[in-house]
Amino acid sequence: MSIKYIKGFDALRAISILFVLQAHLGTFHLLPNSTFLREGVWHLISGSTGVNIFFVLSGFLITRILLNERREYGTINLRNFYIRRLLRLTPPVIILLLVLFSLMITGLIKESYLGLAMASTYTFNYAPLHDMTPELGHMWSLSVEEQYYFLWPIALLAIKKHKTILALSAILIFVCILYMQYIGHIPIIDTHSISIKGYNIILGKFFNTRHWLIPAIGPILIGSSISMLIHYNQERANKLFSTNKLITPIALLLFLSPLFLPLSIAGFFAPTQSLGVALFLTWILFNQTNAICNILELPLLRYIGRISYGLYVYHGLFVRTGPEGATLTIQQFPINIILTFITAILSYELMEQKVLRYKQQFK
């Protein structure tokens, strides 16, 4: 079971991580005090948008890999799949968490041992707000992905009819959209409350429920669903995306939707943009010789894409989720961004590539 290299996808990884890095460096505060810039334009380049691009790409590729494996072998080897994912994702995270643990016990950064424990078990998206320290804050998205990696292959094995799983995915995406829409314009994150001994407790005061598997999984499911549709309609998809010149303008229009959609429906921004990204991924897949794909293959952009996972993991130590309160020398600009790139490059060249070669034993 092998997956051919797809030109352009590394560039999208690069774009997604660059969005995250610039957002966490605090560039939002450099924008003029304009509603259009701070609400509309910011949605195009924010860290959340960067994460959603990577979510869509992840769902698209993982589903493609799993469906190709099932077509080739008649089943999905869950053991090998989980080992491959752990080998790909875990080594940089272990290094980050060990360094953060050392800094915590020496008092150099805020202690959050519960946060460390939840990050190490990929459950950080359910961590209490108190434990979402700036150095760990980015771990929520890795937790969502790992939970998706665990559940999605099981779903593909358990539900044989692709139309059924597509229908269930559509329902879940709709639930995620509704959830985001109705909680997006109030100061607390979740309006669901429970009563304990006469006191009203709002969950949103203690947890960032937008990071929970639902609704955070929405963009991943969009990428997975598009990938599944392509897999079972290969010829029609090839004809549509290789000949229809409206696909790329439509994808761009969807991605740019925050510029013209009213803020009252901001909950629809993420899924709309995610659909645009998914359509563009599909267009790239069927237009590998197009000039756009060649531009996306610029060596620097492609290399940043290849080290993007390390950049994302290690930037928590140096860049954090924002410059406010950063006291360590390594967390000051521009040292922080330089160290992020140096660490990611060393990690990729000296460790990750070796681990990736070992991963081939579990195909």
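In this text the structure is predicted, and so the values were computed from the model without any measurement.

All right, on to the environment of I265 then. For I265, the position within the fold is in the loop between helix 11 (247-255) and helix 12 (269-285). When the C-alpha positions of I265 and M180 are compared, they lie 9.5 Å apart, and in sequence the two are 85 residues distant.

Inspection of every chain in the model, using the stated rule, returns six salt bridges. Here R306 makes a salt bridge to D10, at a shortest N to O gap of 3.4 Å. One end of the pair, R306, is in helix 14 (residues 299-306); the other, D10, is in helix 1 (residues 9-24), and 296 residues separate them in sequence. Among the residues examined, R306 registers a relative accessible area of 35% and is labelled partly exposed.

In contact at an axis separation of 12 Å, helix 6 (residues 139-158) and helix 9 (residues 218-232) are set at 35° when each is read in the N-to-C sense. Handedness of the helix 6/helix 9 crossing: right-handed. Facing helix 6, whose interface residues are V144, E145, Y148, W152 and L156, helix 9 presents I220, L221, S224 and M228.

Following I214, the chain continues into P215 via a peptide bond in cis, with omega recorded as 25°. Of the consecutive residues F333 and P334, the connecting peptide bond is found in the cis state with omega at 5°. Topologically, P334 is positioned in the loop between helix 15 (308-318) and helix 16 (335-359). Phi is positive for Y122, which is not a glycine, with a value near 55°.

Reading fine detail from the predicted coordinates is not recommended where pLDDT is low. Summarising the model, the protein shows a mean pLDDT of 90, and 93% of its residues fall at 70 or more. Element-level pLDDT for the protein is lowest in strand 1 (residues 193-196), with a mean of 48, against a maximum mean of 98 in helix 15. Counted against residues more than four places away or in other chains, residues 184-200, with its pLDDT under 50, gives 32 contacts.

Along the chain, the position of S112 falls in the loop between helix 4 (78-105) and helix 5 (113-120). When its relative accessible area of 2% is taken as the criterion, S112 is described as buried. If near-sequence neighbours (up to four positions away) are discounted, S112 is found in contact with M104, D131, T133 and L136.

Moving on, we come to the nonpolar core. Of all hydrophobic cores here, the largest spans 89 residues; its most connected members are F124 and L136. Broken down by element, this core gets its largest block of residues, 10 residues, from helix 3 (residues 47-73). With residues up to four places along the chain from it excluded, the contact list for F124 reads G115, M118, A119, D131, M132, L136, G137, M139, W140 and S143.

Our next topic: the packing of aromatic side chains. Applying the stated criterion across every chain, the model contains 15 aromatic pairs. Geometrically, the ring pair formed by F9 and F60 is edge-to-face, given 6.0 Å between the ring centres and 75° between the ring planes. Residue F9 is found in helix 1, and its partner F60 is found in helix 3; the two are separated by 51 residues along the sequence. A single burial state applies to F9 and to F60, both of which are buried. Seen in terms of ring centroids, F101 and Y113 are 6.1 Å apart; in terms of plane orientation they differ by 65°. Their pairing is edge-to-face. With F101 in helix 4 and Y113 in helix 5, the pair connects residues that are 12 residues apart, well separated along the chain. On the accessibility criterion, F101 (39% relative accessible area) is partly exposed. Sitting above the plane of the F28 ring, R38 keeps its charged end 4.8 Å from the centroid. One Lys or Arg, R85, reaches over the ring of Y149 and ends 5.3 Å from the middle of that ring.

What counts, and where the lines are drawn
- Residues numbered from 1 in each chain as written.
- Predicted model: local features only at pLDDT ≥ 70, side-chain atom pairs only at ≥ 80, totals over all residues.
- Heavy atoms only, no water.
- Helix = DSSP H or I, 4+ residues; strand = E, 2+ residues; numbered from the N terminus.
- Salt bridge = Lys/Arg side-chain N within 4 Å of Asp/Glu carboxyl O.
- Buried < 20%, exposed > 50% of the residue type's maximum accessible area, 1.4 Å probe, protein only.
- Axes fitted to C-alpha atoms, helices over the stretch in contact; angles between N-to-C directions.
- Left-handed = near helix turned anticlockwise from the far one by under 90°.
- Contact = heavy atoms within 4.5 Å.
- pLDDT = per-residue confidence, 0-100.
- Core = buried A, V, L, I, M, F, W, Y, C linked by side-chain atoms within 4.5 Å.
- Phe/Tyr/Trp six-rings, centres within 6.5 Å; stacked < 30°, edge-to-face > 60°.
- Lys NZ or Arg CZ within 6 Å of the ring centre and 35° of its normal.

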